[in-house]
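One letter stands for each residue in the lines below.
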Amino acid sequence: MSPDPGASAERTRLAWRRTGLSATAAALLAARPAFRPEAGVLAWLVAALAMATWVIMIALAYRRSWALRRVPPVPARRAVPAYALITAALAALGGLVVLL
């Protein structure tokens, strides 16, 4: 029995989807303080940056997921480093929310 060549691409595609879901949760938590009655401009700015970062992450994950559907899958040359930098930016925004 030989291993399925598409199984690893499918697992990777699902991992991109899980990462997008966790990014959604992180972005919503980062935006939450902006909806308090006493929220200031800084809270709104952080929320806007978190949502913009989330949109970029989801777009990149969708694009990468689409590339993994091809046979053979297209290798990720720039997507993974870009996603890592965007994830670090979202983490920094989350840290900024804690300081607010």
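Residues numbered from 1 in each chain as written. Predicted model: local features only at pLDDT ≥ 70, side-chain atom pairs only at ≥ 80, totals over all residues. Heavy atoms only, no water.

By the naming in an unreviewed UniProt entry, the protein goes by DUF202 domain-containing protein and is assigned to Paractinoplanes toevensis. According to the UniProt record, the Subcellular location (unreviewed entry) comment for the protein is "Endomembrane system". (UniProt positions renumbered as here; feature names shortened; annotations may be inferred.)

Participant: I would appreciate a short explanation of the packing of helix H1 (residues 7-31) against helix H2 (residues 41-67) in the present structure.
Facilitator: Packed helix pairs are characterised by how far apart their axes lie and by the angle those axes make with each other. Axis separation between H1 and H2 bottoms out at 9 Å; the angle between their running directions is 170°. When the axes of H1 and H2 are compared, the pair comes out roughly antiparallel. Of the residues in H2, those in contact with Arg13, Trp16, Gly20, Ala23, Thr24, Ala27, Leu28, Ala30 and Ala31 of H1 are Val46, Ala47, Ala50, Met51, Trp54, Met57, Ile58, Ala61, Arg64 and Ser65. Grouping the constituent residues of the contact of H1 with H2 by class yields 14 nonpolar, three polar and two charged. (Axes fitted to C-alpha atoms, helices over the stretch in contact; angles between N-to-C directions. Helix = DSSP H or I, 4+ residues; strand = E, 2+ residues; numbered from the N terminus. Parallel < 35°, antiparallel > 145°, perpendicular 65-115°, else oblique. Contact = heavy atoms within 4.5 Å. Nonpolar A, V, L, I, M, F, W, Y, C, P; charged D, E, K, R; others polar.)

Participant: When you look at the packing of H2 against helix H3 (residues 79-99) in this model, what are you seeing that I'm missing?
Facilitator: In the contact formed by H2 and H3, the axes pass within 10 Å of each other and the chain directions differ by 155°. It follows that H2 is roughly antiparallel to H3 by the angle criterion. When the axes of H2 and H3 are compared, the crossing they make is left-handed. Two secondary-structure elements touch here, H2 through Val46, Leu49, Ala50, Thr53, Ile56, Met57, Leu60, Ala61 and Arg64 and H3 through Ala79, Ala82, Tyr83, Ile86, Thr87, Leu90, Leu93, Leu96 and Val97. (Left-handed = near helix turned anticlockwise from the far one by under 90°.)

Participant: What's the story with the UniProt feature "transmembrane region" (unreviewed entry) in the protein in this structure? I'm lost.
Facilitator: The positions that UniProt labels "transmembrane region" (unreviewed entry) are, in the present scheme, residues 41-62 and 82-99. As a span, residues 41-62 carries 100% helix and 0% strand, and end to end its C-alpha atoms are 31 Å apart.

Participant: Would you explain the pattern of salt bridges in this entry?
Facilitator: It is possible for side chains of opposite charge to pair when their charged atoms get near one another. Counting across every chain of the model gives two salt bridges. Between glutamate 10 and arginine 13 there is a salt bridge, with its nearest N and O atoms 3.1 Å apart. Taken together, the positions of glutamate 10 and arginine 13, both in helix H1 and three residues apart, correspond to about one turn of that helix. Note on glutamate 10: relative accessible area 35%, which makes it partly exposed. By relative accessible area, which is 13% here, arginine 13 ends up buried. Across the pair arginine 36 and glutamate 38 runs a salt bridge, and its minimum N-O distance is 3.9 Å. (Salt bridge = Lys/Arg side-chain N within 4 Å of Asp/Glu carboxyl O. Buried < 20%, exposed > 50% of the residue type's maximum accessible area, 1.4 Å probe, protein only.)

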